[in-house]
Amino acid sequence: TPWALAGDRRGNIYVVDYGNRRVRKFNRAGELEPSFSETIDMCSVLKQPVDVAVHSSDEETRVYVVDAGLRCVLVFDEEGNLVRTPENKNGAFGTGVLIRPLGIAATNDAVYVGDNERHAILKFERGKSYKFIGEAIGYHAPVAALAMLGMETLLVHSGGSVAPRRLSIRKGFRTRGAMWSSAISVSSLKTKWHRVEVEMRRLAAGAHLRLFVFTSDNEADAPLV
């Protein structure tokens, strides 16, 4: 039961075979590469793969397999070996964070994974540790599949006949919320701040923006939000 597929720079295709609980690799001629699945089987880690993404460069190829049974993403190389590092000894990420994962896409610096329990898209830093960064701002819906469109747009398919939505991976949008930074200072000398400037585009009719500023001489203070 083929569910999802992804390709690398060399033309190889990786297919999630849901019914057989395996990930299969085909070369650019369409021929099955049985050694890939056999190597993964030797690792004895897959439980129920449901999706796959590939990040391929001149230096390396990483195959990311979403496992719904383990509730995590497993990291393999192009030969089917589990990629373990000192920072990621299990060769997996998302454990304890993902609940019902489905949908995955990878870029040069991040891996995006859908979670149908949270109705969210989670972002993990791509690299050695794959630490959890946060959720996509403003998206609260099911996730059936993810794909990259160019370098800055994430396509999200929520299932059914609904057209995929486009999310910018460089920006965040929401109707309300709060944000703050660590204390801002320019020198060790006493400084008085006289103005805070905000640049924004024209708001739509009926929309408004309220700004609240908190100041203190104590860096340990925080706004009561």
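Residues numbered from 1 in each chain as written. Predicted model: local features only at pLDDT ≥ 70, side-chain atom pairs only at ≥ 80, totals over all residues. Heavy atoms only, no water.

Looking only at helices and strands, the protein features one helix and 14 strands. Its C-alpha atoms give the protein a radius of gyration of 22 Å, clearly above 17 Å, the size a compact globule of 225 residues would have. Overall, the protein is about 70 × 45 × 30 Å in size when its C-alpha atoms are taken along their principal axes. Within the protein, buried positions represent 35% of all 225 residues. Surface accessibility of the protein: about 15200 Å² in total, with carbon and sulfur atoms responsible for 50%. If you average the places of the 30 positive and of the 26 negative side-chain charges in the protein, the two averages end up 7 Å apart. (Helix = DSSP H or I, 4+ residues; strand = E, 2+ residues; numbered from the N terminus. Rg over C-alpha atoms; globule rule 2.2 N^0.38 Å. Buried < 20%, exposed > 50% of the residue type's maximum accessible area, 1.4 Å probe, protein only. Areas by Shrake-Rupley, 256 points an atom, 1.4 Å probe, with all protein chains shown as cover. Lys, Arg positive; Asp, Glu negative; His and termini not counted. Charge placed at Lys NZ, Arg CZ, Asp CG, Glu CD.)

Looking along a regular strand, one sees the side chains alternate between the two faces of the sheet. Alignment of strand β2 (residues 13-17) against strand β3 (residues 22-26), held across five bridges, turns out to be antiparallel. Paired with Val16 across the bridge in β3 is Val23. Connecting the antiparallel pair β2 and β3 is a turn made up of four residues, with Arg21 showing a positive phi of about 55 degrees. (Pairing = 2+ DSSP bridges.)

Before going further, it helps to examine the sheet that holds strand β9 (residues 110-115). Spatially, four strands are ordered β8-β9-β10-β11 in an open sheet, and the strand pairing comes out antiparallel. Only two strands of the sheet have a single neighbouring strand rather than two, namely β8 (101-106) and β11 (132-135). Here the strands of the sheet are splayed against their neighbours by 25 degrees on average, with no regard to which way each runs. Across three bridges, strand β10 (residues 120-125) lies against β11 in antiparallel orientation. Bridge assignment links Phe124 to a residue of β11, and that residue is Phe132. (Axes fitted to C-alpha atoms, helices over the stretch in contact; angles between N-to-C directions.)

What follows covers unusual backbone geometry. The phi dihedral of Ser44 falls on the positive side, at around 55 degrees, and the residue is not glycine. Note on placement: Ser44 falls in the loop between α1 (34-43) and β4 (49-56). In this structure, Tyr130 takes a positive phi of about 55 degrees despite not being glycine. Mapped onto the elements, Tyr130 comes out in the loop between β10 and β11.

Inspection of the secondary structure puts Val75 in strand β6 (residues 72-76). Val75 sits 148 residues away from Pro223 along the chain, and the two C-alpha atoms are 41 Å apart.

This part takes up the sheet that holds strand β12 (residues 145-149). One open sheet holds the three strands; their spatial order is β12-β13-β14, and the pairing between them is antiparallel. The open sheet terminates on both sides in strands that have one partner only, identified here as β12 and β14 (165-168). Strand-to-strand, the axes of this sheet are offset by a mean angle of 30 degrees, without reference to chain direction. Relative to β14, strand β13 (residues 153-157) runs antiparallel, the two being bridged by four bridges. Opposite Leu155, over in β14, you have Arg166 as the bridge partner.

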